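# A look at the structure
So the chains spell out like this:
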Number of protein chains: 2
Amino acid sequence: MAGAVKEKDNEMTAVQSIAQLVRSGLSPKVINERLDDYHANDIADALDILQPNERAILYRLMDVDSLSDVMEYSDDADKYLEEMNPRKASDILAHMEPDTAVDLLKNTDSRSKVVWLELMDEVHRNNIQRLASYDEDTIASRMTTNFVTLSSSLSIKEAMSSLVRQAEDHDNISQLYVVDEKGIYYGEIDLKELILARQDEKLEDIVVTEYPYVYADERIEDCLEKLKDYSEESIPVLSDENRILGVITSQDVVEVVDDEMGDDYAKLAGLTAEEDLREPLKESVHKRLPWLVLLLVLGLFVSSVVGLFETVVATLPMIMSFQSMILDMSGNVGTQSLAVTIRVLMDEKLTGKDKLHLVLKEMRCGLVNGMILGALAFVGVGIFIILFKHYTPAHGFAISGCIGISLMVAMLISSAVGTVIPLFFKQIGVDPAVASGPLITTVTDLVGVVTYYGLAWLLLIETIHVA
Amino acid sequence: MAGAVKEKDNEMTAVQSIAQLVRSGLSPKVINERLDDYHANDIADALDILQPNERAILYRLMDVDSLSDVMEYSDDADKYLEEMNPRKASDILAHMEPDTAVDLLKNTDSRSKVVWLELMDEVHRNNIQRLASYDEDTIASRMTTNFVTLSSSLSIKEAMSSLVRQAEDHDNISQLYVVDEKGIYYGEIDLKELILARQDEKLEDIVVTEYPYVYADERIEDCLEKLKDYSEESIPVLSDENRILGVITSQDVVEVVDDEMGDDYAKLAGLTAEEDLREPLKESVHKRLPWLVLLLVLGLFVSSVVGLFETVVATLPMIMSFQSMILDMSGNVGTQSLAVTIRVLMDEKLTGKDKLHLVLKEMRCGLVNGMILGALAFVGVGIFIILFKHYTPAHGFAISGCIGISLMVAMLISSAVGTVIPLFFKQIGVDPAVASGPLITTVTDLVGVVTYYGLAWLLLIETIHVA
């Protein structure tokens, strides 16, 4: 904990002392020299607490390279670019990591973006426009074009100087990609191997041809597990003609994992997408309402089924008080199975056998938990009813027996439903994280209600005549 | 999609053709040469489909370096090491990334692990034991000791040759860490900068001193956001004396993000930790049962409160059928607020003002959704009751009015509860993802039940005399 406290203090000071420095009135040269001591991420955070006129000082002081670094880290980069003159903004955009620049342009409402793109030189503009053209759910939309290629015919020495030339413009140099004379992707070289190679070796000798790669049009969710599995610092993205278009760095993978899991997390709770702190009310309502309306309609349907048991409740009102417990429990079990299934679907490619195995495992788990909880409920609720509701022991345990059996049956079926429904949606190509929730809630409610009141009617009213 | 299909085929073949190769009966030299064409991750997957005697061929063929690579990628590395002779297994462990080796040793039941450690040379053993000694929730438990340090007094040329010497044993060379003559951490150099530096520059000129770092004893959840924010390829981990102990690579960050989010995801569904496909039944039951038992007890409590309204239900049995709908809706709204709050808590450091803002936003969102759904329910349920249950329009809409108002009130309060409870648990240092679920379910159930039956009693039975 000591470390954490230290660290937090440091961080507060970095951002605040940058702000102080800008407000200090020192000469531009001195401010600029001292700014060199701070990380771009901290300068980006400092922009948020500065006034527009203070930010203008920074825009004038810093060169395009440093500013583009800062903008890569800022969440409000579009706002800040808007404050600069359009030519500088355009220059900065051109110097940013192309995928970050594309993100920025896609997510801004700024009308200036057309101007920024028009002022940009053709190479950078084409690059950005090509990246922007990829579908958001393909892996190509996450790649960066900042990478180094070497021709396979080079000698070690030539490769090294080709690298030094390209390194001026490209940051990702720990993996180098080798292409043949036609530009077809051939393999990968770790920078480390190039450095350690003897001068008389050929580039071919150190090329790794079994290095993993993905195709540009693969869907993110289909290749995410592979990117995680191979855990390389960067993985090349190829066109259908096997030319290298870009690379996915492990920082990109961090982002993708965070986004994909964040979305699944949100969906499990019935939100259509992830939300954050500063989101406008209208958007939040919009993200939550669809699921809620659907649930209301389904809930109405469940209620009409419950209504069929009105006479049971009228005869024996006490049993109604345990309905909430049974429905809550079967809903919880269904959600547990759903969460496990969605994570398994995300992590692995399942064969038919795996799926059957998963369903059976979930059902066994539901049955075991159901038997344990059913037994607990039988004893606990029985004693409770006898003591506080003054039923005879026989009637008391008959009622709690109904509850225990219903719990067990409802939990068994809910765990099957919680597994089969997402598997089914995955099979027919519907996102299981979104679609499963409402259906599972409805089905488990129905199962719980029918089992409970049906059993109560059969056993308690028709057979034992408790009421 | 075409790309995805291509790729999937490729992947199938890689693993299967490795298995074929091993079974081919070719000479060891030929097999070994051809194995060079495959990625360690694919060889690891191939081990799973080979028989023990076939795996033995591989163990004999491959050298320790390649085998340790393969073991880093395998999920069953402990099983495979157990199959080898202990000295080879120990050698392989020593050559693995230290953090991966520690993970393997921590997660295996194998009795051989003591032997493996005993057979290991002292340097590697000490390294592993030191890494293993860190608490699992501190960032130090995720670091690797595979990194390169340079002394700040070196010239550019000396630094380059020191790097080449160290690179033989260390993979992570894209970031180099600089320490002063006392071994205190001084700053970072990108390998790229070292390569591009002129021979007459001093190392000091290219050291980046504003580079981010973390302390070994920081908790993972406290510094995760920082690791993501700075998005560097590796970040140094310092001791309390500011000596560099190891580094967190961005692959480590991928793992940490995946684990932390996976855990939160599981907890949201009431599992105590993440599960996977091949987990034994006993463990799955164990992970789910605690929450379920707690919920059963809390459910019993809710039921006893519902029991207080027995006379209301006995007088007007029909209203009982809509209980499930109101409880489901308030539970859903509470879960939505919980999910948003936990993600916000994970992503950002909140001030008191932020927290108030979040609670108010969630309540406004709950109120708006509640009003919309309440209105829908008022109209929809009213028509339903009048048509199918044959109530007069006045009585029908009185009943559905009760339902609509209860929905609105329950949703408003549930969204407040779903936000305040996790904030409260976070404040008192309890994991909000684990603790919040059961409490929120219980509170929203109680709010729903009391509002609904209370209102029904007051309005329908005491005032309008519907029954």
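Residues numbered from 1 in each chain as written. Chains lettered and ligands numbered in written order. Predicted model: local features only at pLDDT ≥ 70, side-chain atom pairs only at ≥ 80, totals over all residues. Heavy atoms only, no water.

## What about the confidence of the model for chain A?
All names here are of chain A. Within chain A, residue pLDDT values average 85, and 95% of them lie at 70 or more. Mean pLDDT in chain A bottoms out at helix 1 (residues 2-23), which sits at 65, and peaks at strand 1 (residues 149-151), which reaches 92. When the criterion is pLDDT under 50, residues 1-9 qualifies, and its contacts beyond four places in sequence or with other chains add up to 14 contacts. At the level of chain-chain contacts, confidence expressed as ipTM amounts to 0.71, with global pTM at 0.72. (pLDDT = per-residue confidence, 0-100. Helix = DSSP H or I, 4+ residues; strand = E, 2+ residues; numbered from the N terminus. Contact = heavy atoms within 4.5 Å.)

## Re the sheet that holds strand 6 (residues 244-249) of chain B
Pairing between sheet strands relies on hydrogen bonds along the backbone, with the strands arranged either parallel or antiparallel. Residues and elements named next belong to chain B. On the basis of which strands lie adjacent, the open sheet formed by three strands has the order 4-5-6 and mixed pairing. In this open sheet, the two strands that pair with only one neighbour each are strand 4 (214-215) and strand 6. Note: strand 5 (residues 234-238) against strand 6, five bridges, orientation antiparallel. When the bridges of strand 6 are listed, Ile-235 appears paired with Ile-248. (Pairing = 2+ DSSP bridges.)

## A look at helix 10 (residues 122-132) of chain A
The complete set of buried residues in helix 10 of chain A reads Asn127(A), Ile128(A) and Leu131(A). Considered in projection along helix 10 of chain A, the buried side chains sweep an arc of 95° and stay on one side of the axis. (Buried < 20%, exposed > 50% of the residue type's maximum accessible area, 1.4 Å probe, protein only. Arc of directions from axis to C-beta.)

## Section: the UniProt feature "domain: CBS" (unreviewed entry) in chain A
Sites flagged by UniProt as "domain: CBS" (unreviewed entry) map to residues 143-206 and 207-265 of chain A. Its end C-alpha atoms 41 Å apart, residues 207-265 of chain A is made of 46% helix and 22% strand. (UniProt positions renumbered as here; feature names shortened; annotations may be inferred.)

## Overview of the interface of chain B and chain A
Of the residues lining the interface, 131 residues belong to chain B; the matching set on chain A comes to 132 residues. Approximately 11600 Å² of surface area, both sides summed, lies buried where chain B meets chain A, with 62% of it carried by carbon and sulfur atoms. The tally of links between chain B and chain A comes to four salt bridges. Between Lys228(B) and Asp258(A) there is a salt bridge; the shortest N-O distance is 3.1 Å. Remark: the boundary between chain B and chain A carries 15 residue pairs in polar contact (both at pLDDT 80 or more). Of all the elements, helix 16 (residues 281-307) of chain B adds the most residues to the side of chain B that touches chain A, at 17 residues. (Buried area = accessible area lost by both parts, 1.4 Å probe. Salt bridge = Lys/Arg side-chain N within 4 Å of Asp/Glu carboxyl O. Polar contact = N/O pair within 3.5 Å; in protein donor to acceptor, adjacent residues only side chain to side chain.)

## Some points on the packing of aromatic side chains
In this structure the tally under the stated criterion is 16 aromatic pairs over all chains. An angle of 45° between the planes, with centres 5.2 Å apart, marks the rings of Tyr452(A) and Tyr453(A) as tilted. Given the relative accessible area of 1%, Tyr452(A) is considered buried. Look at Phe384(B) and Phe388(B): their rings are 5.3 Å apart centre to centre, the planes differ by 45°, and that puts the pair in the tilted class. Of this pair, Phe384(B) and Phe388(B) are both found in helix 19 (residues 352-388), four residues apart, which corresponds to roughly one turn of the helix. The class for Phe384(B) is buried, based on a relative accessible area of 18%. On the basis of relative accessible area, Phe388(B) is assigned to the exposed category, the value being 55%. (Phe/Tyr/Trp six-rings, centres within 6.5 Å; stacked < 30°, edge-to-face > 60°.)

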